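Residue strings, one per chain:
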Amino acid sequence: MKDEKNNFTNIERKVQKFFQKQADSLKVNKDLWPKLESRLDEKLKDTEPHNTKGRLWQWLAGPRLIAISASVGVVLIMIVAGLLWLTTNNSANIMNNVSIQWTSKYGVSFSCDVEASGLNSYVTNFEFQNNSGKDTETIAPDWSDKTNTIDISFSQ
Amino acid sequence: MIEQEAVLTEAEIIRRFQAGDREAFRTLVEKYQNVLYGTAYLMIGNRMVAEDQVQEAFLSAWKGIGSFRTGCPLKPWLIRTLVNKVLSYRRANSKTIISLDTELVADPVAVDPVEDIELSDQLQRVLQNLPEEQRQVVLLRYFTGLSLAETSAAVGRRQGTVKSQIHRALEQLKNLIEHDKRQ
């Protein structure tokens with residue numbers, strides 16, 4: 001058993017020695033790099049981007065410092081798209097318009113709609129009603145003046 | 001500048017290569033061109049075709065270095081790229097390949113002692129008569145110097161299969177040498 005193993009190691013050593021001698025005699029031509037470089041230039045010239053799509057594709061497929069796998073890239077894109085959607089669409093729909101309604105125990109009520117745009121808020125609708133049985137009154141402010149103020153006072 | 005290049009580790013050269021540095025690429029080409037060429041030549045048996053396949057493999061490496069995992073050894077990755085190129089070439093040109101034996105006889109290995117010449121002849125004969133798959137793994141293991149795992153990754157076969165193929169090849173070689181001794 002031991003002899004057989006030794007025989008095998010000997011054969012392995014002989015094969016390695018044989019190949020080592022082959023390796024010494026198998027040297028590539030010295031002009032490999034110049035040839036390779038000109039082929040590389042040719043390839044780069046062929047794939048030179050002519051439009052934005054080509055440039056983007058080259059950037060995606062080309063070598064980079066940190067390799068990003070395709071699946072990780074897709075997940076990242078989905079996360080960014082999701083965040084953008086949440087911070088633009090939803091906030092605009094939910095947060096930009098506010099309706100306020102108030103009714104007093106004396107039968108006086110008013111309602112108003114407020115719209116937020118950027119850092120400013122505007123009153124877009126205002127209704128005041130006196131339902132005490134005597135008068136019904138609707139106040140329509142001057143909407144062209146965005147800085148208007150409304151004073152409401154009650155008297156019995 | 002040259003001194004700076006000399007002290008750069010392979011990992012640093014690979015990092016530069018990944019960033020698109022052509023000089024770093026050249027350094028790696030010059031380091032591995034002979035082992036790639038030898039492997040290609042022993043697989044194909046034609047110097048011009050072997051050199052062409054080496055160039056193809058390096059061009060693929062330039063294109064695909066972005067997918068190379070930093071920290072892994074580069075040589076097995078390059079050899080795998082080369083083996084894929086050579087196998088594709090062989091599939092496409094199966095009828096026009098010059099056999100390995102004619103080329104090897106034309107370029108005999110320089111050896112000194114008579115015993116070595118005999119052994120060399122025996123080995124050459126056995127290697128040429130090995131089945132293609134066995135010859136590939138013996139070549140990658142003992143000429144290219146890949147480990148079993150690297151050889152198995154390079155040829156796309158299971159490690160156990162590669163191990164038994166190498167074992168069978170060495171067994172044949174041993175039998176032939178013993179047979180020659182008896183005669």
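A. Quick look at the packing of aromatic side chains. Under the criterion given, the structure shown has nine aromatic pairs over all chains. Both rings, one in Trp33 of chain A and one in Phe25 of chain B, keep their centres 5.7 Å apart while their planes meet at 70 degrees; by these two values the pair is edge-to-face. Here Trp33 of chain A, found in helix α2 (residues 32-46), pairs with Phe25 of chain B, found in helix α3 (residues 22-44), and the two come from separate chains. On the basis of relative accessibility, which here comes to 1%, the residue Phe25 of chain B falls in the buried class.

B. Representation of the confidence of the model for chain B. Residue and element names in this part refer to chain B. For chain B, the mean per-residue pLDDT works out to 80, and 80% of the residues sit at or above 70. Model confidence for chain B, summarised as mean pLDDT per element, is weakest for helix α6 (residues 100-106) at 43 and strongest for helix α4 (residues 47-64) at 92. With pLDDT under 50 throughout, residues 97-114 is counted as low confidence; its partners more than four residues away or in other chains account for 34 contacts. Predicted complex metrics record ipTM = 0.71 and pTM = 0.59.

C. Just the environment of Val126 of chain B, in detail. Residues and elements named next belong to chain B. Position of Val126 relative to the elements: it lies in helix α7 (residues 114-129). For the pair formed by Val126 and Leu173, sequence separation is 47 residues and the distance between their alpha carbons is 6.1 Å. Setting aside chain neighbours within four positions, we find Val126 in contact with Leu173 and Leu176.

D. Molecular detail of the interface of chain A and chain B. Between chain A and chain B, the residue contacts involve 35 residues of the former and 46 residues of the latter. Around 4000 Å² of area is buried between chain A and chain B when both sides are counted, 67% of it from carbon and sulfur atoms. Counting across the chain A and chain B interface gives five salt bridges. The shortest N-O distance in the salt bridge between Lys35 of chain A and Glu51 of chain B comes to 2.9 Å. Summed over the shared surface of chain A and chain B, the number is nine residue pairs in polar contact (both at pLDDT 80 or more). Looking at the side of chain A that touches chain B, the elements with two or more residues in it are α1 (2-25) and α2 of chain A. Here the side of chain A that touches chain B is composed, by residue class, of 17 nonpolar, five polar and 13 charged.

E. The side chain of Thr81 of chain B, seen in detail. Residues and elements named next belong to chain B. Locating Thr81 in the fold gives a position in helix α5 (residues 74-92). For Thr81, a relative accessible area of 15% gives the class buried. Reaching out from Thr81, the side chain makes a polar contact with the backbone oxygen of Trp77 at a distance of 2.7 Å. Among all residues touching Thr81, those that are not within four sequence positions of it are Ala57 and Ser60.

F. The pattern of salt bridges, seen in detail. Inspection of the entire model under this criterion finds 13 salt bridges over all chains. Linking Arg39 of chain A and Asp52 of chain B is a salt bridge whose minimum nitrogen-to-oxygen distance equals 3.1 Å. With one member in each of two chains, Arg39 of chain A in helix α2 and Asp52 of chain B in helix α4 form a pair that bridges those chains. Here Arg39 of chain A and Glu56 of chain B are joined by a salt bridge, their closest N and O atoms 2.2 Å apart.

G. Region of interest: a nonpolar patch on the surface. Residues and elements named next belong to chain A. Among the surface-exposed residues, Val75, Ile79, Leu83, Trp85 and Leu86 lie close enough to one another that they form a single nonpolar patch of about 500 Å² accessible area. Here Ile79 lies in helix α4 (residues 70-95). Under the relative-accessibility criterion, Ile79 is labelled partly exposed at 46%.

H. Representation of the nonpolar core. Counting 65 residues, the largest nonpolar core has Val15 and Phe19 of chain A together with Phe25, Leu36, Phe58 and Leu74 of chain B as the members making the most contacts within it. Discounting residues that sit within four places of it in the chain, Leu36 of chain B has contacts with Val54, Ala57, Phe58, Leu78, Ile79 and Leu82 of chain B.

I. Looking closely at helix α8 (residues 132-143) of chain B. Residues and elements named next belong to chain B. Look at α8: 16 Å from first C-alpha to last across 12 residues, which is about the 16 Å you get at 1.5 Å a residue. Counted residue by residue, α8 has nine buried out of 12 residues, so it is predominantly covered. Among all positions in α8, only Gln134, Arg135, Gln136, Val137, Val138, Leu139, Leu140, Tyr142 and Phe143 are buried. Phi turns positive one or two residues past the end of α8, at Gly145, with a value near 85 degrees.

J. Just the packing of α3 of chain B against α8 of chain B, in detail. All names here are of chain B. One can describe the packing of α3 onto α8 by two numbers: an axis separation of 10 Å at closest approach and a directional angle of 155 degrees. Relative to α8, the element α3 lies roughly antiparallel. Classified by chirality, the crossing of α8 by α3 is right-handed. Across the interface between the two elements, Val35, Gly38, Thr39, Leu42 and Met43 from α3 touch Arg135, Gln136, Leu139, Leu140 and Phe143 from α8. Taken together, the residues of the contact of α3 with α8 sort by class into six nonpolar, three polar and one charged.

Conventions used here
- Residues numbered from 1 in each chain as written.
- Chains lettered and ligands numbered in written order.
- Predicted model: local features only at pLDDT ≥ 70, side-chain atom pairs only at ≥ 80, totals over all residues.
- Heavy atoms only, no water.
- Phe/Tyr/Trp six-rings, centres within 6.5 Å; stacked < 30°, edge-to-face > 60°.
- Helix = DSSP H or I, 4+ residues; strand = E, 2+ residues; numbered from the N terminus.
- Buried < 20%, exposed > 50% of the residue type's maximum accessible area, 1.4 Å probe, protein only.
- pLDDT = per-residue confidence, 0-100.
- Contact = heavy atoms within 4.5 Å.
- Buried area = accessible area lost by both parts, 1.4 Å probe.
- Salt bridge = Lys/Arg side-chain N within 4 Å of Asp/Glu carboxyl O.
- Polar contact = N/O pair within 3.5 Å; in protein donor to acceptor, adjacent residues only side chain to side chain.
- Nonpolar A, V, L, I, M, F, W, Y, C, P; charged D, E, K, R; others polar.
- Patch = residues over 30% accessible without salt bridge, like charges linked within 9 Å, V, L, I, M, F, W, Y side chains within 5 Å.
- Areas by Shrake-Rupley, 256 points an atom, 1.4 Å probe, with all protein chains shown as cover.
- Core = buried A, V, L, I, M, F, W, Y, C linked by side-chain atoms within 4.5 Å.
- Expected span 1.5 Å × (residues − 1).
- Axes fitted to C-alpha atoms, helices over the stretch in contact; angles between N-to-C directions.
- Parallel < 35°, antiparallel > 145°, perpendicular 65-115°, else oblique.
- Left-handed = near helix turned anticlockwise from the far one by under 90°.

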